[in-house]
Amino acid sequence: MVPALTGRPTGGTRYNAELIRELSARGVALSVVDLASAEAALATTAFDWVWVDSLYLGKFPTYVARAPRAARIGLILHYLPSLLERGESAREELLRIEQRALAESSVVLTTSAYMQALLIDRGLECPCWAVEPGVELVLGGSCSESGTARLQTQSDGGPIAAVAAICVAHVVPGKGVLELLQALARLLLPADRLKLCIVGDFNAGGDYAEACRELAARDSALRGRVEFLGTLPPPRVARELARANLFLSASRMESFGMALAEARVAGVPILACEAGNVAAHVSAKWGAELLASPSELARRAVELSRDPALHAERWRLACEHAAPPRPWSHVAEEFLRHAAALQAHAP
């Protein structure tokens, strides 16, 4: 039971779609339903497993009550509302709907060891699997060149601070895009060679997204530097990552961070606000850095634009230590191993 797989592309929707595709390819009999048809499907069909997306937390007790008696009820936990609303300060606090759904689950599927540990810390009693998403990018060999070689050169032969930054995030409050733009507006000088493209849904953010667009258009420090590319299919996102030489993430919370994982595979140095699982994608060895706030994130990005040698070194480290791709087939195989182990130990 998942939201429409053809709807607005999110990390959760992509995870669901790719996992379903790979499981189907392995002959697993699946019935994929949305909220509108879920109750009817439960009443007319026998299932061994019933998996419910965390977007439907509020309806979870209804599904549990109507599921076949012998079925295991799994929760696909892409996020917790309490974390989105309160961030890390909510680590010890669960909303009532979260408490009930977790208490009634036979098993919980999470997308990161961070979320798995958080749930165990909060006293989750049922089995909890951490099965990370796949990361498959076709990049055209961008990491075969060093960051230094790819920096632009002035007419006199000296390096310039050509920072082509990218932010892959829907333009909604939780992603911190407006706060990042506001900080950049305060810090950038006319001579700073930094540009930013933002890849993500602009239409979902309402007034927040419009405020981002207005600021980028009217502020003299941002005008001509910021481009909103909107929602792009995965191959286009990969191409934009291959063109970038700095990845920015101002998100308030990431349960996994699929865009960050893609930046790692692409060999793009990362500057990111510390939030949830973000730290798993960041190491100084890879040319990446965690920052405390969007303001600090913007400050470091501007500093890199003014220090070509440091930027080149960060870029070189990111390319040399680029993460290997993770095929979605591995995700499905890992999921099935967990399911088989749970089945084998069933009373």
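Bringing the sheet that holds strand β6 (residues 194-199) into the picture now. Spatially, six strands are ordered β7-β6-β5-β8-β9-β10 in an open sheet, and the strand pairing comes out parallel. Only two strands of the sheet have a single partner each, and these edge strands are β7 (226-230) and β10 (289-291). The sheet shows a mean angle of 20° between the axes of neighbouring strands, direction not considered. Note that strand β5 (residues 163-168) and strand β8 (residues 246-249) share two bridges and pair parallel. What sits directly across from I166, in β8, is F247. Strand contacts of helix α10 (residues 234-243): β5, β6, β7 and β8, with the helix running at about 150° to β5, the strand carrying the most contacts.

So, about the sheet that holds strand β3 (residues 107-110). Strand order in the open sheet made by the four strands is β1-β2-β3-β4, with parallel pairing throughout. Looking at strand neighbours, the two that pair on one side only are β1 (49-53) and β4 (128-130), the edges of this open sheet. Averaged over all adjacent pairs, the angle separating strand axes in this sheet is 20°, with direction ignored. Taken strand by strand, helix α6 (residues 113-121) contacts β2 (72-77), β3 and β4, and its axis lies near 160° from that of β4. Each of β1, β2, β3 and β4 is contacted by helix α14 (residues 328-344), which is oriented at about 160° to β4, the strand it contacts most.

L19, L109, W129, L241, F247 and I270 are the most contacted members of the largest nonpolar core, which has 44 residues in total. At the level of secondary structure, the elements contributing two or more residues to this core comprise α1 (11-25), β3, β6, α10, α11 (258-266), β9 (270-273) and α14. Ignoring any residue separated from it by four or fewer positions in sequence, one finds F247 in contact with I166, V168, L241, A259, L260, A263, V268, P269, I270 and L271. Formed by 37 residues, the second largest nonpolar core is a distinct cluster that contains L178, A185, L194 and L215.

Right, let's get into the environment of L246. By secondary structure assignment, the location of L246 is in strand β8. Exposure remark for L246: the relative accessible area of 0% places this residue in the buried category. Separated by 22 residues in sequence, L246 and V268 have C-alpha atoms that sit 5.7 Å apart. Look past the residues within four positions of L246 in its chain and what remains in contact with it is V163, A164, A165, I166, V268, P269, L271, A301 and L304.

What follows concerns a nonpolar patch on the surface. Taken together, the side chains of L5, L30 and V32 make up a nonpolar region of the molecular surface, amounting to roughly 220 Å² of accessible area. When you line up the elements, V32 lands in the loop between α1 and α2 (35-44). A residue is classified by how much of its surface remains accessible, and V32, at 43% relative accessible area, is partly exposed.

This paragraph deals with the pattern of salt bridges. Per the counting criterion, the structure on display carries 17 salt bridges. Of the charged contacts, one joins E333 and R26 as a salt bridge, the two residues approaching to 3.3 Å between their closest N and O atoms. Taken together, the residues span a long stretch of sequence, with E333 in helix α14 and R26 in the loop between α1 and α2 at a distance of 307 residues. Put simply, R316 and E313 hold a salt bridge, and the shortest N to O gap is 2.5 Å.

All told, the structure shown has seven aromatic pairs when counted by the stated rule. Taking the centre distance of 5.6 Å and the plane angle of 80° together, the rings of W129 and F335 count as edge-to-face. Here F335 lies in helix α14 and W129 lies in strand β4, a separation of 206 residues in the sequence. Residues W129 and F335 agree in their burial class; the two are buried. An angle of 70° between the planes, with centres 5.4 Å apart, marks the rings of F202 and F228 as edge-to-face. Of the two residues, F202 sits in the loop between β6 and α9 (206-218) while F228 sits in strand β7, which places them 26 residues apart along the sequence. What makes F228 partly exposed here is its relative accessible area of 23%. Each member of the aromatic cluster is reached from another via a ring pair, and the members are W49, W51, W129 and F335.

Attention now moves to the side chain of H281. Following the sequence through the fold, H281 ends up in the loop between β9 and β10. H281 sits in the buried class, given a relative accessible area of 7%. A distance of 2.7 Å separates the side chain of H281 from the backbone oxygen of F256, its partner in a polar contact. Each residue touching H281, except ones within four places of it in the same chain, is listed here: F256, G257, L260, A261, R264, I270 and W286.

Turning to helix α13 (residues 308-320), a few remarks are in order. Relative to the 18 Å expected for 13 residues at 1.5 Å per residue, α13 spans 18 Å between its end C-alpha atoms, a close match to the ideal helical length. Taken together, the buried positions of α13 are P308, H311, A312, R314, W315, L317, A318 and C319.

Counting all residues, the mean pLDDT for the protein is 88, and 90% of those residues have values of 70 or more. Ignoring residues within four places in sequence, the model shows residues 88-92, a span with pLDDT below 50, making 10 contacts including any to other chains. Low confidence marks residues 144-161, where pLDDT is under 50. Its contacts with residues over four positions away, or in another chain, come to 31 contacts.

Conventions and cut-offs
- Residues numbered from 1 in each chain as written.
- Predicted model: local features only at pLDDT ≥ 70, side-chain atom pairs only at ≥ 80, totals over all residues.
- Heavy atoms only, no water.
- Pairing = 2+ DSSP bridges.
- Helix = DSSP H or I, 4+ residues; strand = E, 2+ residues; numbered from the N terminus.
- Axes fitted to C-alpha atoms, helices over the stretch in contact; angles between N-to-C directions.
- Contact = heavy atoms within 4.5 Å.
- Core = buried A, V, L, I, M, F, W, Y, C linked by side-chain atoms within 4.5 Å.
- Buried < 20%, exposed > 50% of the residue type's maximum accessible area, 1.4 Å probe, protein only.
- Patch = residues over 30% accessible without salt bridge, like charges linked within 9 Å, V, L, I, M, F, W, Y side chains within 5 Å.
- Areas by Shrake-Rupley, 256 points an atom, 1.4 Å probe, with all protein chains shown as cover.
- Salt bridge = Lys/Arg side-chain N within 4 Å of Asp/Glu carboxyl O.
- Phe/Tyr/Trp six-rings, centres within 6.5 Å; stacked < 30°, edge-to-face > 60°.
- Polar contact = N/O pair within 3.5 Å; in protein donor to acceptor, adjacent residues only side chain to side chain.
- Expected span 1.5 Å × (residues − 1).
- pLDDT = per-residue confidence, 0-100.

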